[in-house]
2 protein chains.
Amino acid sequence: MEKQYVVGIDVGGQTTKIGVVDARGDVLAQSVIRSDIYGEDASAYVDALAAAVKAVVADSGKTEEIRGIGVGAPNGNYYTGTIAFAPNLVWAAKGTVDFAKMLSARLEGMPVSLTNDANAAAVGEMTYGVARGMKNFIMITLGTGVGSGIVINGQVVYGFDGFAGELGHTNAVRYNGRACGCGRTGCLEAYCSAMGVARTAREWLESGTEPSLLRDVENITSKDVYDAAKQGDALAIRVFQYTGRILGRSFADFVAFSAPEAIVLFGGLARAKEFLYQPMVEAMDENLLKIWKGKIKIVFSQLKESDAAILGASALAWEL
Amino acid sequence: MEKQYVVGIDVGGQTTKIGVVDARGDVLAQSVIRSDIYGEDASAYVDALAAAVKAVVADSGKTEEIRGIGVGAPNGNYYTGTIAFAPNLVWAAKGTVDFAKMLSARLEGMPVSLTNDANAAAVGEMTYGVARGMKNFIMITLGTGVGSGIVINGQVVYGFDGFAGELGHTNAVRYNGRACGCGRTGCLEAYCSAMGVARTAREWLESGTEPSLLRDVENITSKDVYDAAKQGDALAIRVFQYTGRILGRSFADFVAFSAPEAIVLFGGLARAKEFLYQPMVEAMDENLLKIWKGKIKIVFSQLKESDAAILGASALAWEL
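Being a predicted model, the structure only gives us computed values, none of them experimental.

*Asks:* I'd love a proper account of the interface of chain A and chain B, names of residues and values included.
*Replies:* Contacts between the two partners involve 46 residues from chain A and, on the opposite side, 46 residues from chain B. Summing both partners gives a buried area of about 3900 Å² for chain A against chain B, and 61% of it is carried by carbon and sulfur. Taken as a group, A:F160, A:R174 and A:F257 account for 22% of the area that chain A buries against chain B, more than any other trio of residues on that side. The tally of links from chain A across to chain B stands at 22 residue pairs in polar contact (both at pLDDT 80 or more). Listed by contribution, the elements that provide at least two residues to the side of chain A that touches chain B are β9 (146–152), α7 (234–258) and α8 (273–287) of chain A. A per-element tally of the side of chain A that touches chain B places α7(A) first, with 7 residues. The residue makeup of the side of chain A that touches chain B, split by class, is 25 nonpolar, 11 polar and 10 charged.

In structure tokens:
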């Protein structure tokens, strides 16, 4: 009998989500482990991951029916199965980790396919989500970092080396831009990730005296800024306007590249849709060439955040 | 007998080049007409073009053996055969011209295929030039404007609407950037086209008192700047360094998008290779993510300038 289930793994900076998925995209069983507590040695992390995969597969009751494993990870390389210089992963920040091979070796040679986490999310949206039926779209993931998955003519763009689609590291602010985790300055990610939003709030609080609910918060996170905005905090709302405008301006450049019919947004920060959407659309339209003004959609993922990445990663495994 | 020849047409802001091409890429006969003397009425221009096509085909002696016509034109749309809002074409700056249909109607229904001039050049390089064998590269044309043709997995990227690849209108300078012909500010084209180079020289001459050979030139063009640089003029050399650095920085963003193995440069301004290359490579490498540093080639077209565009456009016609 043909094997009817796959495993999807979403590797994030803080947590790794694992799910067993059937051919209709239902998640039968899932689990989560930390990504950031194993130090710089990738082996220790992959050991823990392999154990968690075995446990969740056993939990699903489909141990004999797993076809393969798909993995979405920052800087994950589809061609080589490696993760290289991923600033947000402590065990892959400084070199290249032979991830697919390491994981497969710990799971009796189970086949493992790997890509960028944002590419995986794009595949998930194309198969099950708001991008169903779209042949040309750009997925932007707004999480710890800013990731992207670019789909052209119905196919994910991998580039000559498997690393295409690093739009979070295009220049959003060219001069005197913020330092980014990647070692450069002015990257989109330095402004429009969850970390970037928190940083904007902290900078504005420090440089001014405007009253704000956020003055009572220690170690401000993007969630704190969102909560304050929901309570009507003017500074917090302006932080999202600023963030949305930078995103929209960058989207205009992305449109000039591949003329997608939509930008699809996903990730923790995309929850702030109510505050981001309007400034994002306005800034994009102001910066688009005439031929595109009013024609490019910005849509938000409607998949559950954890499911989208798991489903996308799992979709890779069907092709194994 | 199968028809063995095609016509390639390269529509530029000032001139239009027409060639009859055989299956090996040899140009049997060619001709040129002005693009900019027919006013805002596209019909007058297309009338003149159709007459020129008939003349050059007659000249080649292959009147009965022409398979079709391929056209490269600014903002040319592969899907619809139209040219829309092309700032550098007086007869197509303010609206949409149904170009392929108009030209075909004047040539007894001869099939006409049309694309962006830079896309056409990319096809030419892929078929006959330095991009032969490359599956992923970005063609940048440095002429009156800055155009681009993006090739991914061996195919030109057209996007959902046929207009993809307008990299000359991505933001090279975000704040207080120069006005661009497209109506926006800070575009790459406003700095790194032939017009941009001349403008940089004029601005620097006006704002300073540094001696320069260019002070004796009226209505400075990019060619004047190039000639002065060749004579060792320090200001002219710095103009190219400035231009090269802006290009290189933008290339880094393009690489983050599609991870091409090379950026291929072509066009009048690319002749200034000796002054542009070093600052371009340095600025690109400074701005690339670690994974790409030192790995992306910048190469210059080696096709004759007029041939590359004619050959590229003609290649479209083989698929008719």
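*Asks:* Break down the pattern of salt bridges for me, with residues and values.
*Replies:* Scanning all chains against the criterion turns up 24 salt bridges over all chains. Note that B:E203 and B:R199 form a salt bridge whose closest N and O atoms lie 3.5 Å from each other. Taken together, the residues span about one helical turn, with B:E203 and B:R199 both in helix α5 (residues 194–207) at a distance of 4 residues. Residue classification places B:E203 among the partly exposed positions, given a relative accessible area of 34%. Note on B:R199: relative accessible area 27%, which makes it partly exposed. Through salt bridges that share partners, A:R178, A:R199 and A:E203 make up one connected network.

*Asks:* Explain the relation of the copies chain A and chain B residue by residue, including any values.
*Replies:* Least-squares fitting of chain A to chain B yields an RMSD of 0.0 Å, with the transformation described by 0.0 Å of translation along the axis and a rotation of 180°. Such a combination of turn and shift is consistent with a two-fold rotation axis. Nearest to the rotation axis, the C-alpha of A:R174 is located 3.4 Å from it, this being the minimum over chain A. Looking at chain A, 100% of its interface residues are interface residues in chain B too, so the copies touch through the same face.

What counts as what
- Residues numbered from 1 in each chain as written.
- Chains lettered and ligands numbered in written order.
- Predicted model: local features only at pLDDT ≥ 70, side-chain atom pairs only at ≥ 80, totals over all residues.
- Heavy atoms only, no water.
- Contact = heavy atoms within 4.5 Å.
- Buried area = accessible area lost by both parts, 1.4 Å probe.
- Polar contact = N/O pair within 3.5 Å; in protein donor to acceptor, adjacent residues only side chain to side chain.
- Helix = DSSP H or I, 4+ residues; strand = E, 2+ residues; numbered from the N terminus.
- Nonpolar A, V, L, I, M, F, W, Y, C, P; charged D, E, K, R; others polar.
- Salt bridge = Lys/Arg side-chain N within 4 Å of Asp/Glu carboxyl O.
- Buried < 20%, exposed > 50% of the residue type's maximum accessible area, 1.4 Å probe, protein only.
- Least-squares fit on C-alpha atoms with pLDDT ≥ 70 in both.

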